[in-house]
Number of protein chains: 2
Amino acid sequence: MKKLINAPDKVVDEALAGMAAAHPGLITLHTEPNFIVRADAPVRGKVALVSGGGSGHEPMHGGFVGRGMLDAACPGAVFTSPTPDQVLAATKAVDGGAGVLHIVKNYTGDVLNFEMAADLAKEEGLDVGAVVIDDDVAVQDSLYTAGRRGVGGTVLAEKICGGAAEAGADLASLAALCAEVKASVRSMGLALTACTVPHIGKPNFALGEDEMEFGIGIHGEPGRKRVTLEPADRVAEMLMAPILADLPFKPGDRVLLFVNGMGGTPLIELYIVFRAAHEIARRHGLTVARSLVGNYITSLEMAGTSITLLRLTDAMIAHWDAPVLTPSLRWGA
Amino acid sequence: MKKLINAPDKVVDEALAGMAAAHPGLITLHTEPNFIVRADAPVRGKVALVSGGGSGHEPMHGGFVGRGMLDAACPGAVFTSPTPDQVLAATKAVDGGAGVLHIVKNYTGDVLNFEMAADLAKEEGLDVGAVVIDDDVAVQDSLYTAGRRGVGGTVLAEKICGGAAEAGADLASLAALCAEVKASVRSMGLALTACTVPHIGKPNFALGEDEMEFGIGIHGEPGRKRVTLEPADRVAEMLMAPILADLPFKPGDRVLLFVNGMGGTPLIELYIVFRAAHEIARRHGLTVARSLVGNYITSLEMAGTSITLLRLTDAMIAHWDAPVLTPSLRWGA
């Protein structure tokens, strides 16, 4: 295992300490239990957004904490759900009196632990809603999930709902907007290499030099099939076809096209995939109104990519464009 | 070779097309020869900043084109200098009548080709200045360089000079500011893995499972020595010690601490390195006034990191903080 770490059991704590040291004006780190809040939390009168999940998917979610996006993020151990006490503590820390919305990726542990935390928070008198994102069209169930997995669509939901929350939306409207994003977004990914969870110390699966895992999950869980490595244009076709068919996306739709890196794939390759996906979208009659390209929801050092397509409304575009000031997504602020 | 590409000889052209498709409001791509300009170029009355270099270091430099940073970037083939005709065409395209400053990384081919382009531009009546960045303390000369190599300090020079140019600095002041950044910045890097140039098709060197290359260059050229893999805190010490000694940095100095990923190292590890480097800086009596953590000057999919330390003045801080609107660095705009 070749990693820039000190000890496997210190990876998350030390990375969080590094994040806090790097972004003192944007975020504040709480420990025991671990969670990150925006530096000015709680924001009085604003609905607070809380997300979280296993570590190893950086910058998700801690990198998305800040003005215009998440109020708090709860990082679990690597590829492990955060605990209910983390989520409860974060929920209470950011509640500004207008309620809290949990944005949860659909993994069994995440869903259970966020639900338990929400129940406990409600017992303490807080107003808590939740939306579970399940945008991955690759598989119906997986090693970690009943139903579809939550992947890249979560980044878009967090930004769009963050913009709306900053603009004053109440909890019910925010939950409705988040549900609308969830209903309008689809994703699919593939891997060229495995990754190594630090406390396991060896790759989570093996791929031949000419193989790729198609429909992979962000924890390296198996996808739809193992296939021969294809050129980037063909890879983009393989990812876009099931996405386009699933919603389905229709000619005339405006979309946000998000090409994500799994962590070990260089940006030059992601732009090659983006070019191909953009052309496929155009041929399908879609208007790519907004774009995102880069490493936003990763699987440690895994090489690979995922494509996420979101059908946009005017409101979604406005909230996407709204100012955001987080460690990993910033504009207009 | 496992890459998301179509053909080795199309990598740069297709990635540039993808970039242009992803960021239509920010940048415009010119082809034959290839260069990227900010969408509103030329900006009348503003000094234009032009940089460039081999591709494979993304987002450098194309990702830094836009308001508040570069006016143009000239991407060569992978790990290959841009040609004089690219640089000349870009220089002419962005000249707004107030002159053009070339910011050049110190590699022999880059320096020669930028000089040739500057000479040709001057013959056509343009006012052109140049600063060569050479911040790498690892080696005095290398396979690609007479003198020290230009690495991470270039990102900081481009942002700070970009801020000053936007604020109206003239060519002489900008060249002086860029020279001051050059004189105040030092870097050092290491690699855990090699990378593969697409048209070569095999890794550019081999490292054992317990080895790292210390003082590596961004093209994988050999560094100071090959050593045994060390924990992240020790790695940070090994990189920081020669940086701190070289300028030298003194107690009381305010610095920008930049922990860069080489492309294949996940963000969670970069934050672990940042934590350690931040603590070393603090022990040395430095105030880390600004930070940058992520993949900004890479070597394709190489795993590894570099640390860059810049001694800040009030003016540098103001220009660093100024709004920037590029594909890969954005805030306040």
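Everything numeric in this text was worked out from a predicted model, so none of it was measured.

Asker: Explain the sheet that holds strand β2 (residues 35-38) of chain B here, please?
Answerer: Strand pairing in a sheet takes place through backbone hydrogen bonds and is either antiparallel or parallel in direction. Residue and element names in this part refer to chain B. Spatially, the six strands line up as an open sheet ordered β1-β2-β4-β3-β5-β6, and their pairing is mixed. Sheet topology places β1 (27-30) and β6 (128-133) at the edges, where each strand pairs with a single neighbour. Each neighbouring strand pair of the sheet contributes to a mean axis angle of 20°, computed without reference to strand direction. Sitting on the sheet, helix α3 (residues 108-123) is in contact with β3 (48-55), β5 (100-105) and β6, with an inclination near 165° to β5. Most of the contacts of helix α5 (residues 171-184) go to β6, to which it runs at about 5°, and overall it touches β3, β5 and β6.

Asker: What am I meant to see in the domain arrangement of chain A here?
Answerer: Where interface size is given, it is often the accessible area lost as the parts come together that is meant. All names here are of chain A. Partitioning chain A into structural domains gives domain 1 (8-183 + 321-331) and domain 2 (185-313). Domain 1 and domain 2 are separated by 23 Å when their C-alpha centres are compared. Across the domain 1 to domain 2 interface the summed buried area is about 2900 Å²; carbon plus sulfur atoms make up 65%. Among the residues of domain 1 in contact with domain 2, F79, V137 and L156 are the three that bury the most area, contributing 20% of the side total. Remark: the boundary between domain 1 and domain 2 carries three salt bridges. Close ionic contact of R149 with E221 constitutes a salt bridge, the shortest N to O distance being 3.6 Å. At the junction of domain 1 with domain 2, the criterion picks out 15 residue pairs in polar contact (both at pLDDT 80 or more).

Asker: What exactly am I supposed to notice about the relation of the copies chain A and chain B here?
Answerer: Two chain copies here: they are related by a rotation about an axis and a translation along the same axis. For the pair chain A and chain B, the best superposition has an RMSD of 0.0 Å and corresponds to a rotation of 180° with a translation of 0.0 Å parallel to the axis. The two molecules are tied by a two-fold rotation axis, judged by turn and shift. Across chain A, the smallest distance between a C-alpha and the rotation axis is recorded for A:G264, namely 2.1 Å. By residue overlap, the copies meet face to face through one surface: 100% of the interface positions of chain A are interface positions in chain B.

Asker: Explain the pairing of strand β12 (residues 304-311) of chain B here, please?
Answerer: Look at any regular strand and the pattern is simple: side chains alternate between the two faces of the sheet. Residues and elements named next belong to chain B. A large share of β12 lies buried, amounting to seven of its eight residues. The sheet contact formed by strand β7 (residues 185-191) and β12 spans seven bridges and is antiparallel. Of the residues in β12, the one forming a bridge with G189 is S306. One ladder, built from seven bridges, connects strand β10 (residues 254-261) with β12; its direction is antiparallel. Within the sheet, the bridge partner assigned to F258 lies in β12 and is T308.

Asker: Please explain the environment of A:E213 as it appears in this structure.
Answerer: Residue and element names in this part refer to chain A. With respect to the helices, strands and loops of the structure, E213 is situated in strand β8 (residues 211-214). Look at E213 and you get buried, because its relative accessible area is 6%. Not counting residues up to four positions away in its chain, the partners in contact with E213 are G189, L190, A191, L207, P222, G223, K225 and R226. Polar contacts involving the side chain of E213 include one to the side chain of R226, which spans 2.9 Å.

Asker: Is there a simple way to think about the packing of helix α4 (residues 153-166) of chain B against α5(B) in this case?
Answerer: Angle between the axes and distance between the axes: these two values describe a pair of packed helices. Residue and element names in this part refer to chain B. The contact between α4 and α5 brings their axes to 10 Å, and the two run at 155°. Here α5 runs roughly antiparallel to α4, going by the angle between their axes. You can see that α4 and α5 cross each other, and the crossing is right-handed. Across the interface between the two elements, A157, I160, C161, A164 and A165 of α4 pack against L174, L177, C178 and V181 of α5.

Asker: Would you explain unusual backbone geometry in this entry?
Answerer: Most peptide bonds adopt trans geometry, and most residues besides glycine take a negative phi value. In this structure, the amide linkage connecting A:A41 to the following residue, A:P42, adopts the cis form with an omega of -5°. Backbone geometry places B:E32, a non-glycine residue, at a positive phi of 50°. The phi torsion at B:F79 lies on the positive side, around 55°, for a residue other than glycine.

What counts and how
- Residues numbered from 1 in each chain as written.
- Chains lettered and ligands numbered in written order.
- Predicted model: local features only at pLDDT ≥ 70, side-chain atom pairs only at ≥ 80, totals over all residues.
- Heavy atoms only, no water.
- Pairing = 2+ DSSP bridges.
- Helix = DSSP H or I, 4+ residues; strand = E, 2+ residues; numbered from the N terminus.
- Axes fitted to C-alpha atoms, helices over the stretch in contact; angles between N-to-C directions.
- Contact = heavy atoms within 4.5 Å.
- Domains from an automatic or database assignment.
- Buried area = accessible area lost by both parts, 1.4 Å probe.
- Salt bridge = Lys/Arg side-chain N within 4 Å of Asp/Glu carboxyl O.
- Polar contact = N/O pair within 3.5 Å; in protein donor to acceptor, adjacent residues only side chain to side chain.
- Least-squares fit on C-alpha atoms with pLDDT ≥ 70 in both.
- Buried < 20%, exposed > 50% of the residue type's maximum accessible area, 1.4 Å probe, protein only.
- Parallel < 35°, antiparallel > 145°, perpendicular 65-115°, else oblique.
- Left-handed = near helix turned anticlockwise from the far one by under 90°.

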